[in-house]
Amino acid sequence: MDQFSFTEICLHQLKMSGVHEGEKLIVLTQGSERLDYADAFMAAGMRLGAKMYHMRLPPVPPAGAWAVGQTGLAAMPEAVEALKAADMLIDCIFLLFSPEQMAIQAAGTRILTAVEPPEILARMLPTKELRERVEFAGDLLSKAKVMRITSPHGTDVTYKLNTYPAITEYACTDEPGRWDHWPSGFVFTGGDDDGVDGTIVVAPGDILLPQNIYVRDPIIYTIENGWITDIRGGLDAELVKSYMDGFNDPRGMGMSHVGWGLNQNAKWHRMVPGEFPGGMGMEARSFYGNVMFSTGPNNELGGPNDTACHLDIPMRGCSLFLDDEPMVLDGDIAVKEMKHNFK
């Protein structure tokens, strides 16, 4: 994508995020990564009359595993204070799950994460229609007390929902202190710390993130009182267990967030070789009708588990019920107000 086109989609994003004349925006990058993102956002913000700044952190050595919540800002309290003073932060390094992001949000700065390749950003632009459907889903989720997920492959798991808020992601943010991720299009919450029980069967064609691979043979999770007690299967189960063991942190066996995807522009098949342009798999997390469960940290929701060991697993063909009312049936959205009008 040429820089002019990149600036145009960033302009659309900033308009959807309510950016206006006189607001203070900071674009955060690290080393030599995503400098073109900074240029595009800076140009777009200036066209809207915003006061634009670019904060560029020093490069860091590449990490082995995806250690969520660990950022270069941890050793830079002065930088965190500067970000707290902004109206909006464009995060191009991925601060999610970090204490630094939580402190910046608590100060009232709204945050937009943008780390996916430009072609994915362009294909999954935020829209008013997507926001309305996601917010409707979030309202239903916030009122629910029990979530149950089933599948033809043998999944039958229950989440008690008495502790954590419902979180909406619709790829833009115009409210103080609110975070979102471009692209996105889903809703999620977390089960009570001791309130997740049952079996999850990850089936062929489901997706492992951050590995960015399709599952080839079933992975069977047994969950008791909010913790994974057993992972069984073939090669893919061994890969998951080896990955988790690499963190040497038993808290990685905790249950993290859970929810469903609503973005009709996100496609399940886009991670096949030749289709996947890179990134962290936000398209896979967002595709219409997927049910995604996650393992590891729940501090994003206000919980006590801040382990760096995290997996997101979007699944196809599942059914999801809130207080026995269907939200997703066999991989399709079941509530009229959440459905996209496919033409």
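In this text, all values refer to a predicted model and were calculated from it rather than measured experimentally.

Trainee: Please explain the pattern of salt bridges as it appears in this structure.
Mentor: Side chains that differ in charge, positive against negative, can pair when their charged atoms come close. Under the criterion given, the structure shown has 20 salt bridges. Measuring nitrogen to oxygen at the nearest pair gives 2.8 Å for the salt bridge that ties Arg148 to Asp156. Look at Asp156 and you get partly exposed, because its relative accessible area is 35%. The shortest N-O distance in the salt bridge between Asp180 and Arg178 comes to 2.7 Å. Arg178 shares its class with Asp180; the two are buried. A cluster of three or more residues bridged by salt bridges with shared partners is formed by Arg131, Glu135, Asp174 and Glu175.

Trainee: In this structure, what is going on with the environment of Gly185? I would like to understand it.
Mentor: Mapped onto the secondary structure, Gly185 falls in the loop between strand S8 (179-181) and strand S9 (186-190). For the pair formed by Gly185 and Glu325, sequence separation is 140 residues and the distance between their alpha carbons is 21 Å. Apart from the residues within four sequence positions on either side, Gly185 is in contact with Leu130, Val134, Glu169, Gly261, Leu262, Asn263 and Ser286.

Trainee: Looking at this structure, how should I read the environment of Trp260?
Mentor: Positionally, Trp260 belongs in strand S15 (residues 255-261). With relative accessibility at 0%, the residue Trp260 sits in the buried group. Separated by 25 residues in sequence, Trp260 and Leu235 have C-alpha atoms that sit 27 Å apart.

Trainee: Looking at this structure, I do not really get the nonpolar core. What am I missing?
Mentor: If you look at soluble globular proteins, the nonpolar side chains tend to sit buried side by side. Counting 48 residues, the largest nonpolar core has Met147, Tyr159, Ile200, Tyr221, Trp260 and Phe293 as its most contacted members. Setting aside its immediate chain neighbours within four residues, Ile200 contacts Thr155, Val157, Tyr159, Ile219, Ile220, Tyr221, Ile223, Met255, Phe293 and Met315. Grouped together as the second largest cluster of nonpolar side chains are 27 residues, Leu83, Phe97, Phe186 and Met282 included.

Trainee: Hey, could you run me through the sheet that holds strand S1 (residues 24-30) in this one?
Mentor: In a beta sheet, neighbouring strands are held together by backbone hydrogen bonds and run either parallel or antiparallel to one another. Reading across from one edge, S2-S1-S3-S4-S8 is the order of the 5 strands in this open sheet, with parallel pairing throughout. Of all strands in the sheet, those bounded by a partner on one side alone are strand S2 (51-57) and S8. Adjacent strand axes in the sheet meet at a mean angle of 20° when their direction is disregarded. Note that S1 and strand S3 (residues 88-91) share 4 bridges and pair parallel. Its bridge partner being in S3, Leu28 is matched across the sheet by Asp91.

Trainee: I would appreciate a short explanation of the packing of helix H3 (residues 77-84) against helix H4 (residues 99-106) in the present structure.
Mentor: Each pair of packed helices gets described by two things: the angle between the helix axes and the distance between those axes. Between H3 and H4, whose axes approach to 8 Å, the crossing angle comes to 35°. In this structure, H3 meets H4 at a crossing whose hand is right-handed. Mapping the contact onto sequence places Val80, Leu83 and Lys84 in H3 and Glu100, Ala103 and Ile104 in H4. Here the contact of H3 with H4 is composed, by residue class, of 4 nonpolar, no polar and 2 charged.

Trainee: When you look at the state of the cysteines in this model, what are you seeing that I'm missing?
Mentor: Covalently bonding the sulfur atom of one cysteine to the sulfur atom of another cysteine gives a disulfide. Evaluated as defined, the whole model comprises 0 disulfides. Note on Cys92: no disulfide assigned, nearest cysteine sulfur contributed by Cys10 at a separation of 8.2 Å. Its relative accessible area of 1% is what places Cys92 among the buried residues. Of all cysteine sulfurs in the structure, the one in Cys10 sits closest to Cys172, which takes part in no disulfide; the separation is 14 Å. Judged by its relative accessible area of 0%, Cys172 falls in the buried class.

Trainee: Even after reading the chapter, I still don't get unusual backbone geometry, so can you show me in this structure?
Mentor: Leaving glycine out, the prevailing phi sign among residues is negative, and the prevailing peptide bond configuration is trans. Cis geometry marks the peptide bond from Trp182 to Pro183; its omega dihedral reads 5°. Cis geometry is found at the peptide bond from Leu209 to Pro210, where omega equals 20°. For Pro210, the position within the fold is in the loop between strand S11 (207-208) and strand S12 (213-214). Here Arg34, not a glycine, exhibits a phi torsion of approximately 60°, which is positive. By the secondary structure assignment, Arg34 is in the loop between S1 and helix H2 (35-47). For Arg34, a relative accessible area of 23% gives the class partly exposed. Phi at Asp324 takes a positive value of approximately 75°, unusual for a residue other than glycine. As for its placement among the helices and strands, Asp324 is situated in the loop between strand S18 (319-322) and strand S19 (325-329). For Asp324, a relative accessible area of 70% gives the class exposed.

Trainee: Is there a simple way to think about the domain arrangement of the chain in this case?
Mentor: The accessible area lost on association of the parts is a frequent measure of interface size. The domains assigned to the chain are domain 1 (1-114) and domain 2 (122-336). Taking the mean C-alpha position of each, domain 1 and domain 2 sit 25 Å from one another. In this assembly, 28 residues from domain 1 lie in contact with 28 residues from domain 2. Note on domain 1 versus domain 2: buried area summed over both sides is about 2300 Å², and carbon and sulfur give 68% of it. The interface formed by domain 1 and domain 2 contains 0 salt bridges. Every element with two or more residues in the side of domain 1 that touches domain 2 is listed here: helix H1 (3-16), H4 and strand S4 (110-113). A per-element tally of the side of domain 1 that touches domain 2 places H1 first, with 5 residues.

Calculation criteria
Residues numbered from 1 in each chain as written. Predicted model: local features only at pLDDT ≥ 70, side-chain atom pairs only at ≥ 80, totals over all residues. Heavy atoms only, no water. Salt bridge = Lys/Arg side-chain N within 4 Å of Asp/Glu carboxyl O. Buried < 20%, exposed > 50% of the residue type's maximum accessible area, 1.4 Å probe, protein only. Helix = DSSP H or I, 4+ residues; strand = E, 2+ residues; numbered from the N terminus. Contact = heavy atoms within 4.5 Å. Core = buried A, V, L, I, M, F, W, Y, C linked by side-chain atoms within 4.5 Å. Pairing = 2+ DSSP bridges. Axes fitted to C-alpha atoms, helices over the stretch in contact; angles between N-to-C directions. Left-handed = near helix turned anticlockwise from the far one by under 90°. Nonpolar A, V, L, I, M, F, W, Y, C, P; charged D, E, K, R; others polar. Disulfide = S-S within 2.5 Å. Domains from an automatic or database assignment. Buried area = accessible area lost by both parts, 1.4 Å probe.

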